[in-house]
Structures are given as C-alpha cells and as structure tokens.
Amino acid sequence: MKCIDVAAIVLLVAMPATAQEAPADAAAPRDGGWSVRWDDHPEVEWSGRLRVEFRARLQGDSRASRAAVERGDGDRFDVGRRRIGVDGAIGRAVDFQIEGEIEKTNPWRDVYANYRPLRGAQVQAGQFKIPFGLEETTSGGNLDFIYRSIVSTRLAPGRDGGVMLHGRVARRTVGYEMGVFAHDGDNARPKGGTRVFGGRTLAGRVTVEPFRHSKSTMSHVEVGVAFTRSPLPEGFPAVRGKSVLGVSFFDSDVWVEGNRRRDGVHVRWRPGPFSVASEYIRVSDDRRGQSQEGTNLPPFLARGWYVSGTWVVAGAAGAASADQPARPLFQGGFGSIQVAMRLERLSFGNVAETDSPSTSPRADVVLGNREIAMTTGATWHLNRWITLEGNVIRERIGGATVGSVPHLRVWSRLIRFQLAI
Amino acid sequence: MCGASPYGLPFRIGLVVIVWTVSTAGDRVASAQTVEELFDDGTVHEVRLSINERDLHELRERYLENVYVPADFQWRDQRVRNVGVRSRGLASRSASKPGLRIDFNRYTSGQTFLGLASLVLDNLVTDPSLVRERVSMALFKRLRQPASRESFTRLYINSVYQGIYAIVEPVDGDFLVRAFGEKSGYLFERHFLEPYLGADLGNELTAYRRVFEPRNHELEADTVLYSPIRDLFHEVNQPVDTVWRERVGRYIDLPQLVTYVAIETFLSEADGVLGLAGMANFYLYRGPSSDQHRLIVWDRDHAFAAVDSPIFLRVEENVLFSRALAFGDLRALYLDVLEQCARSAAANGWLEGEIVRLSTLIDVAAREDVRKPYDDETHQMAVEFLKQFARQRPSFVLREIARERGGR
C-alpha cells in the first residue's frame, strides 16, 4: 500500500472522530453569509441559497480465492476505491451531484443536476444510473454485501448520460422514472475491443409501495418493474458472463443485431431489523439476419435472479439504520452488526442438453453457461463512517455434464475496510 | 357387440409391416450413406455450404489466416449444422476459390459426419490438370502405402457454384485408426516455414517445432513430443556406418522411407521429401510405444513434374535419404519399388487409364468452374501432358533402373 494511502486513512480516521464530538449546530448559518458545519458530511452553505456537501470514500479490499482474480493480486491488501464528490442544492428547486474516482482513466461517475418543481414531476439530466435494477441503483455505501450480485453487475445497465423525468405520486406510494440515455450503460460497454452495446436507450421503472400508509410491517413492502430498450448494432455483445471476481465463464461470442430488451422485476421488504429482497433480470438481444442463410435466429438470452436477506443482530435499537449505529464504538457502544446471505443465479444462452446446443456464433440453440453463487457476510459498522465487512462466496460455474463449457467450484473470501465521510 | 373383423390377424400384421417398411425407408436410405460413398471416386459429388454473407466476406478477405467461420454443411440429404470452416493451404490459398477445411466438431462437441471429425476441400488451384493429387494418391495406395481417400465434388456456397474441388480425408485420428489400427501415437505435419534438408538443428527442441507441427497431443511437453525427432536428426548426421543404420533405424522406418520416396520419385514429385524447396508435404507418425517414425503422404498437386526427371534427382541434397541409400539393401529396395511403380503404372495402361477416367469424369464441372486460375485450354494441355507422362515415364524409369543396376 502506498504511503499516500496510509496517510489518507489516518487523516480520515482522525477527522470523523473530531467531527463526531462536535455539536451539529456548532456553526449555524448566519443571515446573508457563509456557514460551515459537519454533521454527516462536511458542509458549506451560503444564505440558504447554496448548499454543498463534501463526500469522500476510501475502500481497501483483501481477497483470497481459489479462482483467478481479474484485477488485483489475490491476497494483497488493495486500495480499491478512492472516491470524492460533492452534492448539494441551488435554491429550493435544483440539487446536484458530482462524484469521481481518483486515479481512474475515466474518473467521472455521477455528474448530474435535478430540477424539482414538484415532488411528482422532477427532471434529472447529466450522467447517472439508468433507472433499472434495485441493487444496481443502490449506492455502493448502502449495499449489504461487499460486491453487488453478478446479476446486477452483468445485466443491469449502470450509468450513462441522459435525461429523466421522475417523481412520486399517489401520496408517494408510486414512484416512476422514465428517461432517454445515450447508450445502455457502462456495465454493458466494453472496456476495450470491438464488442457492441446498445445505442440510444429508453428506460423506465415503476415502483409501488402498496401498504406505505398502513401501520403494519407490510408498509415496508416495495415492488417494482423496469425495462430498457436499445438498438443494437451487429457484432458480439459486450454483456458477458463473469464470476464475482471477474473470471469469464461465458464470452458471448454470438452474433447479435436488432434490439436489446431488458426487463426486470424486484420486490423488497424491510420490516425492522430484517430485510429480504429479490430481483429478476432478463436481457434479450435480437439476432436479425444472423443465421447462415441470413434469416433471423432466436434471441440471445441472459437471465439472472437473486434472493437476499439481512438481519441486524446487534446495535439496531434506536438507530435510524444499521449504518448509523445509535451507540458507536468508543462512545458507549460497539456500533452495529448485520449478517446477510444471498443466493443468485446468472445464465447465458441455453445450458440444457437439448436440441444439440452449439458454441457456434450463429447457432439456433446457443450452448451457454451459468453460475450459481451463495454469499454469506457480516458487516460491522463501528460508527457512521467506518465499516468492516467480511464475505464468503461459494461459486459453482457450469456443470461437468456439459463437457465443452467451463465448469468450476470455488470458494472466495473477501474483507473490506471502508471509510466514508 | 362387435362381430368378427373381416381383417384377420395376418392381414393386420402384414399391414403393420408394410407401414413400417414405407415409413422407415427414407431413414434407411440416409443411414446407408457411408463414408465409402462419400469417397466414391466414380462420381462427382455435390457439397453445399451455407455461410452467412458477412462470414463469407471475412473468409475471403482473410484467406491467408486460419479464421474459422460457422457454416451448415450438406451432402446429399445429410445436413450438418454449425460446422467450422476455415481457409487452408500454403501456396494454394485463394480468396476467390478458397481451399477449405471443415471441422464438424468445432462448435458442437462430438459432432461428426459419417464418422469423420473433419474434411478437406482441396481447391486444386495449383494443378491445371485437376487430377494430379487423385492419381498420385491412387498409386501410393496401389503400392500399399497409407494415403487419404479422395473424391471430386462440385462445391456450392450459398447456392453459388464455387468450382470443382477434391474432397480429401485429412490425416487425423480417424485416418490413423484406418491406416494403423490406433491413434494414440504422435502425429506431426511438416510445417513449411523454410527449407529443411535433414540437418542437425542442435539440442533446442523448439528448432524442431518450427519444422514439424504437432497434430495431436499438442499440450504435451516438447521433451515428450520432440526428443525422438531431435535424436533422429542428430543420429542421421553422424558418420555412416553400421551403428548409423541401427541408431537411425530406431527413429525412422528406413524401408518405409525408401519405399515412400521411390513412389514420389516415380511420380516426379517436385514438392515432396526430395522437393525443390527441401522436405515438404508429408506427415510423420510415431506409434505410442515406439520412437520410430514413418511418413504419410500429403498434397500431391506438384507431382508429374517431368517425364524424364532422373531417379536420383536431388538425392544428394537430402542428408537423411542420401545416407540411407549408402546401404546396399536400401538402395536395392529403392530400385525395386521404382520398378514396381513403373510396371504397375504401365500394366494394362493403368496410369493413363486413371488419368483419362478422372479427367473425363470432371470435364463438365471443370469447364463450368470459372474460379479456377487457368483457362480450359491450359487445363486440357495439362491433362494431355499427364497422359504423355503415363505413357513414357514407366519406360524411362525402367531404363534408368537397368542402367543403375548394370553399372553396379
């Protein structure tokens, strides 16, 4: 680990400790002037007309796996992310966010402004996550596991530039997002090479909390459906099968052309210290004119689902959420501890041994592959800024009965230290 | 209550038999098609490939590379889906009339066609007569040397006639089983990057990898694959004495080598073991429990070079063969096999008969082949030359043999 990383960790550990002890209203805004305070984040405000919050997140991962690791050096402690950003508001109707990573060739992440004349009708423009995928559109700092599910990272679109109309209606029981984006997200885009991805993308999502106003535990139920539609040029798709740590198990060497259709559905229930969530995503790529004779082939399919559950086993009482423990470490408590488990399955093409599946890029029945992964984890929020996470992942790729596709059974262990302000 | 049926049991059994016979007739016709029929050299077959236009463009554009594209293969009523097709050959590579290798199991594990894992479609562009390869292979078989089975076909790609091709059985595992009864040994193809005349290339095994390309056991260590080949050429370059014969004989079947080269010499092969550019166009096969190699013939498009090519032409250039012929019994065998070739070729006009039969067989298909890189007149002249070769070569060789024997 570089000296600069160590220094950054020491500095960031020291800063929140000081901030935590400071009263939230230590520097209350003065009329017509600047004010500075640090509640959840360092914040600057000017006369109630401009508010800017500064955010930073530093993550260090230790990974051990019997499978190859796409990036990093296996067991070595690796500072995976150094992310900084600001978000804030201009007046009462516009808020914004700018976030980027240090030392990345493509540093910009969320860069957008949101105009909210009404709660039920807001317009967001810039680069941000396409409204698809429950887990994919959850902030990295709020995940229940170290990594998102492979279903989310491989099939959900991710970020792109675009404009979106969104809001909540019907007494906030119904949320909607509908936008147009330049492409179909950075998850679907190749980091190099000539693979194809979706063009101008129409995306939409509707979420419903049908019992939002009831007093029962069912008030925390949310269901949602989402879609994207994109034109797809001729080529091999960039959406490929990779394991949690990036080992390729299906290269998607299949000719596609036409339209890409993503469809997703999710359900989430968060009654108190427990939560369960599930999501299903299906990506269908047309193969127009791709047979040997130039006729259409059946679409190339990638599908996946996950089911996850969490339980805050300690430190939840009186806390707004598990990541903001009521009694932090060294302040009369030990923080909060959450355990979680996730089962997921991601498949490409046809993995059944029927109709002579073939690895030909123009096969009617594409011989695909699949992965089933089980992740078990624990998260210790020492305070609202410092988190320690541990995950154990059991992955089962392919099946030995299908001899011509890769198959593998592997355990991986992940530990993450995260410091966020 | 039903009365007695007017159609008794024998009638019903007969009806069932008739229905079964009719309904399965098509299947039995299909299953009756065998690899022997595919290599039936008395007919011009018809092979059809369906290749996506984009892939076909890439195949032609990148014809110098071994780029595979998927295709559907059809012969008679048998269609094999999702086979792998690539351009093949060395000097014969062509964009307009590509030589093709068909791998039936490239994309579908275990898929075969008539039991074959692959086929070669030889574009015949370096042989204006179109029949040199076929006639040469026939003589090798006549002299009981293992050789690929072949037949002629019209090739259509996406229903467009591509020209006359030879269907050639590749030298692979299936071939080895047919020729030697097993396929677990080590098979190498002479890989022509530069001329090689049998010199000792030293202890570095990679030097031999440049000369002989493994065609099976590719993942095994070079020491396993190439040590016997290195040892062969190391021993070949030692002083010629009785020890030489014993040591070299451990690594190569010397009588088989002599027989093989004698047939090549009779055929006036310009691109074989004693070729103009050094050793070319053969496979080496080493059995599973032996260090001894033997040669398997491949690609005879440059045979029939000259009626009067001497029977010891370029022998002295080749270290291995020139030293082998220093032994009296091997030299005598060489002359004996040459004599066998000459007498066999001349017997009842066999060689000329084969040339006439095959050139007549493909005459129409050849004339309609507009992608061949020579005109019809050139083709006819080449055929006429082969007939002249068939008539004159045996007597020329026999005279040379007599002179050689008389002079010793």
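For clarity, every value in this text was computed on a predicted model and none was experimentally measured.

Parameters and conventions
Residues numbered from 1 in each chain as written. Chains lettered and ligands numbered in written order. Predicted model: local features only at pLDDT ≥ 70, side-chain atom pairs only at ≥ 80, totals over all residues. Helix = DSSP H or I, 4+ residues; strand = E, 2+ residues; numbered from the N terminus. Buried ≥ 20, exposed ≤ 12 C-beta atoms within 10 Å, placed from the backbone. Contact = placed C-beta atoms within 7 Å. Pairing = 2+ DSSP bridges. Axes fitted to C-alpha atoms, helices over the stretch in contact; angles between N-to-C directions. Nonpolar A, V, L, I, M, F, W, Y, C, P; charged D, E, K, R; others polar. Expected span 1.5 Å × (residues − 1). Arc of directions from axis to C-beta. Domains from an automatic or database assignment. Core = buried A, V, L, I, M, F, W, Y, C linked by C-beta atoms within 7 Å. Parallel < 35°, antiparallel > 145°, perpendicular 65-115°, else oblique. Left-handed = near helix turned anticlockwise from the far one by under 90°.

Visitor: What should I look at first to understand the overall build of chain A in this one?
Guide: If you tally the helices and strands in chain A, you get 2 helices and 20 strands. Expressed as a percentage of the 421 residues in chain A, the buried residues total 34%. Counting only contacts in chain A whose residues sit at least 6 apart along the sequence, the fraction spanning at least 24 positions is 58%.

Visitor: Would you mind showing me how to read the sheet that holds strand 10 (residues 282–286) of chain B here?
Guide: Strand pairing within a sheet occurs via backbone hydrogen bonds; the two strands may be parallel or antiparallel. Residue and element names in this part refer to chain B. Taken together, 4 strands build an open sheet; the order of strands is 9-8-10-11 and the sheet is antiparallel. Looking at strand neighbours, the two that pair on one side only are strand 9 (212–214) and strand 11 (293–297), the edges of this open sheet. Across the sheet, the axes of successive neighbouring strands diverge by a mean angle of 30°, strand direction being ignored. Where strand 10 meets strand 11, 5 bridges bridge the pair, whose relative direction is antiparallel. Looking at the pairing, Phe282 lines up with Val297 of strand 11.

Visitor: When you look at the interface of chain A and chain B in this model, what are you seeing that I'm missing?
Guide: One widely used convention gives an interface's size as the accessible area the parts lose upon coming together. Contact with chain A, which involves 14 residues of that partner, is made by 11 residues of chain B. Tallied by class, the residues present in the side of chain A that touches chain B amount to 2 nonpolar, 10 polar and 2 charged.

Visitor: Hey, could you run me through helix 12 (residues 350–361) of chain B in this one?
Guide: Residue and element names in this part refer to chain B. Taking 1.5 Å as the rise per residue, helix 12 with 12 residues should run 16 Å; its terminal C-alpha atoms sit 16 Å apart, in good agreement. Those residues of helix 12 not exposed but buried are Leu351, Glu354, Ile355, Leu358 and Ser359. Viewed along the axis of helix 12, the buried residues span an arc of 115°, placing them on a single side of the element. Residues of helix 12 that are buried in the fold lie against helix 4 (132–142), helix 11 (328–346), helix 13 (363–367) and helix 14 (376–407).

Visitor: Could you clarify how one ought to interpret unusual backbone geometry in this entry?
Guide: Most peptide bonds take the trans form, and the phi angle of most residues other than glycine is negative. Positioned with a positive phi, Ala170 of chain A is a non-glycine residue whose angle comes to about 55°. Phi at Asn281 of chain B is positive, roughly 60°, even though this residue is not glycine. The residue Asn281 of chain B is located in the loop between helix 9 (254–266) and strand 10 in this model. The exposure class assigned to Asn281 of chain B is buried, which follows from the 21 C-beta atoms found within 10 Å.

Visitor: Even after reading the chapter, I still don't get the domain arrangement of chain B, so can you show me in this structure?
Guide: Residues and elements named next belong to chain B. Each assigned domain of chain B is listed with its residue range as follows: domain 1 (43–168) and domain 2 (173–359 + 375–407). Of note, the centres of domain 1 and domain 2, computed from C-alpha atoms alone, are 25 Å apart. Taken together, the 26 residues of domain 1 in the interface contact 29 residues of domain 2. For the side of domain 1 that touches domain 2, the class distribution of residues is 14 nonpolar, 7 polar and 5 charged.

Visitor: Can you walk me through the nonpolar core in this structure?
Guide: Soluble globular proteins tend to bury their nonpolar side chains together. Of all hydrophobic cores here, the largest spans 98 residues; its most connected members are Leu121, Ala262, Ile263, Tyr283, Leu338 and Cys341 of chain B. Among the elements that take part in this core, helix 9 of chain B stands out by supplying 8 residues, more than any other. Counting contributing residues per domain, this core is built from domain 1 (43–168) and domain 2 (173–359 + 375–407) of chain B, each supplying no fewer than three. Counting 40 residues, the second largest nonpolar core, distinct from the first, contains Leu245, Phe300, Tyr306 and Leu346 of chain A.

Visitor: Would you mind showing me how to read the pairing of strand 17 (residues 336–348) of chain A here?
Guide: Remember that side chains alternate between the two faces of the sheet whenever the strand is regular. All names here are of chain A. Burial along strand 17 is one-sided: the face carrying Ser336, Gln338, Ala340, Arg342, Glu344, Leu346 and Phe348 is buried and the face carrying Ile337, Val339, Met341, Leu343, Arg345 and Ser347 is not. As judged from the 12 bridges shared by strand 16 (residues 297–314) and strand 17, these two strands associate in the antiparallel manner. The partner of Ala302 across the bridge, within strand 17, is Phe348. In this sheet, strand 18 (residues 369–381) lies alongside strand 17 in antiparallel orientation, the contact comprising 13 bridges. The residue bridging Phe348 from the neighbouring strand is Asn369, located in strand 18.

Visitor: I tried to follow the packing of helix 12 of chain B against helix 14 of chain B on my own but got confused; where do I start?
Guide: Each pair of packed helices can be described by the angle between their axes along with the distance between the axes. All names here are of chain B. Between helix 12 and helix 14, whose axes approach to 8 Å, the crossing angle comes to 160°. Compared by their axis directions, helix 12 and helix 14 come out roughly antiparallel. Our pair here, helix 12 against helix 14, has a crossing hand that is left-handed. Along its contact with helix 12, which presents Leu351, Glu352, Ile355, Val356 and Ser359, the element helix 14 presents Val383, Leu386, Lys387, Ala390 and Arg391. Of the residues that constitute the contact of helix 12 with helix 14, the class distribution is 6 nonpolar, 1 polar and 3 charged.

Visitor: Would you mind showing me how to read the packing of helix 9 of chain B against helix 11 of chain B here?
Guide: All names here are of chain B. As a packed pair, helix 9 and helix 11 sit with axes 8 Å apart at the nearest point and diverge in direction by 40°. Relative to helix 11, the element helix 9 lies oblique. Crossing handedness for the pair helix 9 and helix 11: right-handed. Facing Leu254, Pro255, Val258, Thr259, Ala262, Ile263, Thr265 and Phe266 of helix 9, the residues of helix 11 in contact are Leu330, Leu333, Tyr334, Val337, Leu338, Cys341 and Ala342.

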